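# Summary of structural features
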Amino acid sequence: MINSIQIENFRCFKRLIVDDLQKFNIVVGDNSSGKTAFLESIFLAGGHAEIVNRLKIWRGLGQFVFSGDKKGYESLWSDLFYDFSDQSQITIALKGTAENQRTLKIYYNPATETPLFAEEKADVSTIVPITFQVLDSKGKTHVMRPNINTNGQLTLSGSAAPHAVALCASSTMPNPQEMAANFSQLSIENKLDNLNKSISNLFPEISDLSILVTGGFPQIFCSYRGLSSKIPISLVSNGLNKLIMILLTIAKQESGIILIDEIENGFHYSKHTQVWSAIITFCERYNVQLIASSHSIECLRALRSLMENKEHSFRLLRTEVKQNGERDLRMFKGHEFESALEMGTEFR
């Protein structure tokens, strides 16, 4: 578990320090106030440079496209830097239990680094690779640089073992083959009972989850009350599909961290309490820390009955935009969160 995070010059955060994170952390705030960027900072620090491509896709920015010159190369990374200024170093430091200590630095250093291309390509020889430097939990430093191969594709030199952190982005649909692989692993470990129980509580018309292959690809199928044949879970409900994906990801990230953007998406408000109950139960069973964002007051209120006798495990984080345009984050502890909801305080 991470207890604190320090962010400098990343996305909309010039400088941010958050202490006293707990097992369950809910991030709220206005649009463009930094909720998603906060989740991305943790995900990026826990992984490696390849993750940047995924972040662009999730943000709707598309795949990397390299135009072949210095400006084009640097534009691939400019949105990572605060105010798009790549003259400052990005630093994201995670602190917590021994295995969760990790620091990421992203920077250009033209004075000491080798140009991206050979000198004979004079028109582009001034391109200097961006550097991703990771200090892992064992105190070992890893240096990674995205380069361009002869086909104009990005490659990565160097590597760092990714941390046990997963991000469930709000803008992407679950991958059926990845879900099937995670489901199979849980089945191999004889741990499907927990998943089946959670799903049947929310969707009593669903039963007999299993992996079937259609069109050469494995998917999770289920029996649905009233139908004679099994169907893919994706045809039943987006909410069912999303919940199974979240629970499988938690099981896969044992003793790690799961980040969920807009956790309420896909779920009817009447199911929020049951959804929270399933997610919290899985996080406790697999020792996974949760950091999730939400725009829904119904979703926040649904937590109330589940916080009883364990308020200390919950934190509410509200992103705010200061008068000078900088982003900040205000923390409410579990008992404050619950009292504020009772009083009708607006957190969204």
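All of these numbers come straight from a predicted model, not from anything done at the bench.

## Some remarks on the overall build of the protein chain
If you tally the helices and strands in the protein chain, you get nine helices and 16 strands. Counting all 348 residues of the protein chain, 50% fall into the buried class.

## Points about the packing of helix H5 (residues 192-202) against helix H6 (residues 238-252)
For the pair H5 and H6, the least separation of the axes is 11 Å and the interaxial angle reads 155 degrees. Judged on the interaxial angle alone, H6 and H5 are roughly antiparallel. Our pair here, H5 against H6, has a crossing hand that is right-handed. Between H5, through Leu195, Ser198, Ile199 and Leu202, and H6, the contact on the second element is made entirely by Leu240, Leu243, Ile244, Leu247 and Leu248. Per-class residue counts for the contact of H5 with H6 are eight nonpolar, one polar and no charged.

## Observations concerning the sheet that holds strand E15 (residues 314-321)
Within a sheet, neighbouring strands are paired by backbone hydrogen bonds and run either parallel or antiparallel to one another. In space, the six strands of this open sheet follow the order E9-E13-E14-E3-E15-E16, with mixed pairing throughout. Each end of this open sheet is capped by a strand with a single partner; those strands are strand E9 (165-168) and strand E16 (327-333). Ignoring which end each strand starts from, the neighbouring axes of this sheet average 20 degrees apart. For strand E3 (residues 24-29) and E15, the ladder comprises six bridges, and the chain directions are parallel. Across the sheet, residue isoleucine 26 finds its bridge partner in E15, namely leucine 316. Across the sheet, helix H1 (residues 35-46) touches E3, E9, strand E13 (257-260), strand E14 (289-293), E15 and E16, and the angle it forms with E9 is around 145 degrees.

## A few points about empty space enclosed by the protein
A full pass over the atoms with the stated rule returns one cavity of 30 Å³ or more. Space inside the largest cavity adds up to approximately 30 Å³. Lining of the largest cavity is provided by Ile263, Glu264, Phe267, His272, Val275, Trp276 and Cys299. Tallying contributions element by element places helix H7 (residues 272-285) first for the lining of the largest cavity, with three residues. Broken down by class, the residue content of the lining of the largest cavity amounts to five nonpolar, one polar and one charged.

## As for the pattern of salt bridges
Scanning the model with the defined rule gives twelve salt bridges in all. Ionic pairing is found between glutamate 326 and lysine 322, a salt bridge with its closest N-O pair at 3.7 Å. With relative accessibility at 17%, the residue glutamate 326 sits in the buried group. On the basis of relative accessibility, which here comes to 37%, the residue lysine 322 falls in the partly exposed class. In the salt-bridge network here, residues are joined through shared partners; they are Arg11, Glu40 and Asp79.

## Some thoughts on the sheet that holds strand E10 (residues 206-214)
Ordered by their spatial adjacency, three strands build an open sheet running E10-E11-E12, and the pairing between neighbours is antiparallel. Strands at the two margins of the open sheet, each flanked by one partner only, are E10 and strand E12 (231-232). Where E10 lies against strand E11 (residues 217-224), seven bridges are found, and the strand directions are antiparallel. The residue of E11 that forms the bridge with threonine 214 is phenylalanine 217.

## Concerning the environment of phenylalanine 43
Considering the arrangement of structural elements, one finds phenylalanine 43 in helix H1. Accessibility expressed as a relative area gives 4% for phenylalanine 43, which makes it buried. In sequence terms phenylalanine 43 and leucine 259 are 216 residues apart; their C-alpha atoms lie 7.7 Å from each other.

## Comments concerning the pairing of strand E5 (residues 102-107)
Of all the six residues making up E5, five are buried; the element is thus mostly covered by neighbouring parts of the structure. Of the strand pairs in this sheet, strand E4 (residues 90-96) and E5 are connected by five bridges, and their pairing is antiparallel. In the sheet register, alanine 93 faces E5, and the bridge partner there is threonine 103. Turn length for the E4-E5 hairpin, with the two strands adjacent in sequence and antiparallel, is five residues. Bridging between E5 and strand E6 (residues 131-135) involves five bridges; their strand directions are antiparallel. By the bridge assignment, lysine 105 is partnered in E6 with glutamine 133.

## As for unusual backbone geometry
Non-glycine residue aspartate 208 carries a positive phi angle of around 55 degrees. Here serine 255, not a glycine, exhibits a phi torsion of approximately 65 degrees, which is positive.

About the criteria used
Counting restarts for each chain: residues are numbered from 1 in the order of the written sequence. Confidence filtering applies because this is a predicted model: local features only for residues at pLDDT of at least 70, side-chain atom pairs given and counted only at 80 or more, and all residues used for totals across whole chains, interfaces and linings. As a rule here, side-chain values come from all non-hydrogen atoms in the structure, and water together with hydrogens is ignored. Runs of E in the DSSP output that reach at least two residues are strands. Runs of H or I that reach at least four are helices, and both are numbered from the N terminus. The buried label applies to any residue whose accessible area, calculated with a 1.4 Å probe on protein chains only, is under 20% of its type's maximum; exposed applies above 50%, and partly exposed to all values in between. To get an axis, a line is fitted to the C-alpha atoms, and for a helix only the part in contact is used. The angle between two axes follows their N-to-C directions and goes from 0 to 180 degrees. Should an angle fall under 35 degrees it is called roughly parallel, over 145 degrees roughly antiparallel, and 65 to 115 degrees roughly perpendicular, with every other angle called oblique. Helix crossings get a hand from a simple test, with the near helix turned counterclockwise from the far one by less than a right angle marking a left-handed crossing and a clockwise turn marking a right-handed one. In this description, contact between two residues means that some pair of their heavy atoms is separated by no more than 4.5 Å. Three classes are used: nonpolar for Ala, Val, Leu, Ile, Met, Phe, Trp, Tyr, Cys and Pro, charged for Asp, Glu, Lys and Arg, and polar for all others, with Gly counted as polar. Paired strands, in this sense, are two strands between which DSSP finds at least two bridges. Whether a set of points on the 1 Å grid over the protein atoms alone is a cavity depends on a 1.4 Å probe fitting there but being unable to get out, while an open set qualifies as a pocket with protein on both sides within 12 Å along at least five of seven lines; lining residues are those with an atom within 4 Å of a point. Grid points are joined across faces, edges and corners, and a volume is the space filled by probe spheres set on the points. The salt bridge criterion pairs a side-chain nitrogen of Lys or Arg with a carboxyl oxygen of Asp or Glu, the two atoms within 4 Å.

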